[in-house]
Amino acid sequence: MNTTALFKPCVPGTHTVKPIRFKAQKLIGLSGRLLESHYENNYGGAVRRLNAIEKQLAKIDWQQEQAFVINGLKREELVAANSIILHEVYFNGLGEEGGAPLSDQDTELRQAITTSFGSMEQWQHEFTAIARALAGGSGWVILAWSVRHNRLVNQWANEHSQCLAGAIPVMALDMFEHAYHIDYGSNAKAYIDAFMQNIHWSRVSARFRQALNACVEQGSDQAVIHQVSVRDLNDVLVSGKQLPLPYVLDVRQPEDRKRSGVRILETPWKNPDSVGQWASEMPGDVPIVVYCMYGLWVSQQTAEQLRELGYDARSLAGGIVAWRAMGYRSTEI
C-alpha cells in the first residue's frame, strides 16, 4: 500500500469554513439572526484567525525566535483550531424543525449511550446539568468517544484549549454567550432546552461511526461533485488568473435576499423557481457559479438544472453566509 497518497501537503493559512446543513430560520427556538451571527462572526472569525496565525508561524525562525513569541502564537493556534473543530461539531449536530430523532438505524449510538450512561435519559440529565453549570460563564459541553476509556463521555471545557486527550468529539454544545445572548439574553437554560430540541441524531450517529473507525476527518459531509468553495471562488475573482472569469449569479429565495440585504460583489439575481425562463440569457462560454443563502438545495438544484441544459454550472458551497464568514467582499443590494 502506498501510504504517501494518504497525506496532503500542509499549506499554511488555507483553511475555509464548512457549509452548515440546515436553513437557519427553520430551527425551533434558535433564530436565524442568532445562528448566522454565530456562524459568520465566531466560527468564521476562528477560521480567519487560524489562517493569520499559521501565516505568522510560517515566517518564524525556530532557532532564533524568542520563546514568548512562540508560546503566544502556538497557544493561539491551538485555541483557534479547537474553536473551528468544536463549532463544526456544534453546527453538524443541529437540524431543521426539531432535528431528527434517534432512529432504529442508529443502533450503535443508542447502545453506546445506554452502556456508557445507563440510559438516554441519564445521559441527557448529565449533559444538560453540565451545560447549566457553565451558564453565566463560558465553555463547551462535549459528547466524545474516548479511546482511552472505550466509552462515550460528557466532557466539560471552559475554553477552546481544553479537550480530553485521545477523545473524538461526537456532539458539542457551545455555552459561550455569543451562542445564545441574541435570543435569550442571560437565560442560558432556555437556550439549552432549545438546543436539545434541535439535535439531528442521524448526523451525530454518523460522527460516532467515524469515531469508532478512528477516523480523524472532522464532520460527516458527503462530497458534492458540482460545487466550488468560497475560498476558490474568491481566489479566482481576486487574482484574475483563471480566464475566463466565472459568471456569478445570486439565486437566493426573494425573502432570504431581502433579509440579508447584501450580495457577493455586484452579482445579478435570478429567481430559482423559474430557471427555464431565464436560462437562455446565461453565457455559454464561461463557467457559472450560483449561490443561495447556505449553499443547500436552492443553489444545488439550480446548478443541476443549468447543467442539464448544457451549462458548466456549479453551486457555491456554504452560500453567502460562508462567503461572509470568510470576510470576503460583499455589497449592498
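Residues numbered from 1 in each chain as written. Predicted model: local features only at pLDDT ≥ 70, side-chain atom pairs only at ≥ 80, totals over all residues. Heavy atoms only, no water.

1. Concerning the overall build of the protein
Operational definition: To qualify as a helix, a DSSP run of H or I must reach at least 4 residues; to qualify as a strand, a run of E must reach at least 2; elements of each kind are numbered from the N terminus. Radius of gyration means the value over C-alpha atoms here, while the globule rule gives 2.2 Å times the residue count to the 0.38 power. Only protein chains enter the accessibility calculation, which uses a 1.4 Å probe; a residue is then buried when its area is under 20% of its type maximum, exposed when over 50%, and partly exposed in between. A contact between two residues is defined here by any heavy atoms of the two lying within 4.5 Å. Method for areas: the Shrake-Rupley scheme with a 1.4 Å probe, in which residue coverage is limited to the protein chains shown. Counted as positive: Lys and Arg. Counted as negative: Asp and Glu, with His and the chain ends omitted from the count. Where a charge lies is defined by one atom per residue type: Lys uses NZ, Arg uses CZ, Asp uses CG and Glu uses CD.
A tally of regular secondary structure across the protein gives 12 helices and nine strands. Relative to a compact globule of 333 residues, whose C-alpha radius of gyration would be 20 Å, the protein shows 21 Å and is just as compact. Dimensions of the protein along its principal axes, counting C-alpha atoms only, are 60 × 55 × 50 Å. Every one of the 333 residues in the protein was classed for burial, and the buried ones make up 49%. For the protein, the proportion of contacts with a sequence separation of at least 24, taken over those separated by at least 6, is 72%. Carbon and sulfur atoms make up 50% of the accessible area of the protein, which totals about 16,500 Å². Each charge class in the protein can be summarised by its mean position, and for the 32 positive and 35 negative side chains these summaries are 2 Å apart.

2. Some remarks on the side chain of Lys270
Stated formally: Definition of a polar contact: a pair of N or O atoms within 3.5 Å, with one able to donate and the other able to accept a hydrogen when the atoms are protein atoms, and with sequence-neighbouring residues admitted only if both atoms are side-chain atoms.
Tracing the sequence through the fold places Lys270 in the loop between β6 (262-264) and α10 (275-278). A distance of 2.7 Å separates polar atoms of two side chains, one belonging to Lys270 and the other to Glu281. Each residue touching Lys270, except ones within four places of it in the same chain, is listed here: Leu249, Asp250, Val251, Trp278, Glu281 and Met282.

3. Some points on the pattern of salt bridges
Once the charged atoms of two side chains with opposite charge are near each other, the side chains can pair. Keep this limit in mind: Only one rule defines a salt bridge in this text: a Lys or Arg side-chain nitrogen within 4 Å of an Asp or Glu carboxyl oxygen.
The final tally for this structure, using the stated rule, is 14 salt bridges. One salt bridge connects Arg252 with Asp250, and the closest N-O pair in it is separated by 2.7 Å. Taken as a pair, Arg252 and Asp250 share a single burial class, namely buried. Residue Asp312 is joined to Arg307 by a salt bridge in which the shortest nitrogen-to-oxygen separation is 3.7 Å. Judged by its relative accessible area of 37%, Asp312 falls in the partly exposed class. Residue class for Arg307 comes out partly exposed when judged on its relative accessible area of 26%. The network of salt bridges with common partners includes Lys23, Glu36, Asp256 and Arg259.

4. Description of the packing of helix α3 (residues 107-117) against helix α7 (residues 201-212)
Put simply, the rule reads: Geometry is summarised by axes, namely lines fitted to C-alpha atoms with helices restricted to the contacting stretch, and by angles between N-to-C directions that run from 0 to 180 degrees. What sets the label is the angle itself: under 35 degrees gives roughly parallel, over 145 gives roughly antiparallel, 65 to 115 gives roughly perpendicular, and the rest give oblique. Here the nonpolar group is Ala, Val, Leu, Ile, Met, Phe, Trp, Tyr, Cys and Pro; Asp, Glu, Lys and Arg are the charged ones; every other residue, Gly included, is treated as polar.
As a packed pair, α3 and α7 sit with axes 9 Å apart at the nearest point and diverge in direction by 80°. Between α3 and α7, the angle falls in the class roughly perpendicular. Taken together, the residues of α7 that come into contact with α3 (itself represented by Glu108, Leu109, Ala112 and Ile113) are Trp201, Val204, Ser205, Phe208, Arg209 and Leu212. A breakdown of the residues in the contact of α3 with α7 according to their chemical character gives seven nonpolar, one polar and two charged.

5. Focus on the nonpolar core
Worth spelling out the cut-off: Remark: nonpolar core denotes a set of buried residues (Ala, Val, Leu, Ile, Met, Phe, Trp, Tyr, Cys) joined through side-chain atoms within 4.5 Å.
Among the nonpolar cores identified, the biggest contains 85 residues, and Trp123, Leu152, Leu173 and Met175 are the most heavily contacted of them. Looking at this core, the element that brings in the most residues is helix α1 (residues 32-58), giving nine residues. Excluding anything up to four places from it in sequence, Trp123 contacts Ile113, Phe117, Leu143, Asn154, Met171, Met196, Ile199 and Trp201.

6. What to know about the pairing of strand β3 (residues 167-174)
We apply this condition: Following DSSP output, two strands are said to pair if at least two bridges run between them.
In terms of burial, β3 is a largely internal element, eight of the eight residues being buried. Across seven bridges, the pairing between strand β1 (residues 140-146) and β3 is antiparallel. Directly across from Trp145, in β3, lies its bridge partner Ile168.

7. Comments concerning empty space enclosed by the protein
Quick note on the threshold: Points on a 1 Å grid over protein atoms alone make up a cavity when a 1.4 Å probe fits among them but cannot get out, and a pocket when they form an open set with protein on both sides within 12 Å along at least five of seven lines; lining residues each have an atom within 4 Å of a point. Grid points are joined across faces, edges and corners, and a volume is the space filled by probe spheres set on the points.
Within the structure shown, the criterion is met by two cavities of 30 Å³ or more. If you add up the space inside the second largest cavity, you get close to 70 Å³. The wall of the second largest cavity is formed by Lys23, Arg252, Gln253, Asp256, Cys292, Met293, Tyr294, Leu296, Trp297 and Val298. Residues of the lining of the second largest cavity, tallied by class, amount to six nonpolar, one polar and three charged.

8. Quick word on the packing of helix α4 (residues 120-134) against helix α6 (residues 188-197)
Under the convention used in this document: Handedness of a crossing is defined here by the sense of rotation of the near helix relative to the far one, left-handed for an anticlockwise turn of less than a right angle and right-handed for a clockwise turn.
The interhelical angle for the contact between α4 and α6, taken along N-to-C directions, is 145°, at an axis separation of 10 Å. Taken as a pair, α4 and α6 cross one another with a handedness that is right-handed. Residue-level inspection shows Trp123, Gln124, Phe127, Thr128, Ala131 and Arg132 of α4 in contact with α6, the latter providing Lys189, Ile192, Phe195 and Met196. Counted by class, the contact of α4 with α6 contains six nonpolar, two polar and two charged residues.

9. Structural notes on unusual backbone geometry
With a phi close to 50°, Glu97 is a non-glycine residue in the positive phi region. Within the fold, Glu97 resides in the loop between α2 (67-92) and α3. The backbone of Leu265 sits at a positive phi, close to 50°, despite the residue not being glycine. Inspection of the secondary structure assignment puts Leu265 in the loop between β6 and α10.

10. A closer look at the layout of surface pockets
Here the second largest pocket defines a volume of roughly 190 Å³. What lines the second largest pocket is a set of 13 residues, and nearest its centre among them are Glu36, Glu40, Arg259, Ser260 and Arg324. Elements with a contribution of two residues or more to the lining of the second largest pocket: α1, α9 (254-260) and α12 (319-325). The biggest single contributor to the lining of the second largest pocket is α1, with six residues.

Purely spatial values, then, with no claim about function.
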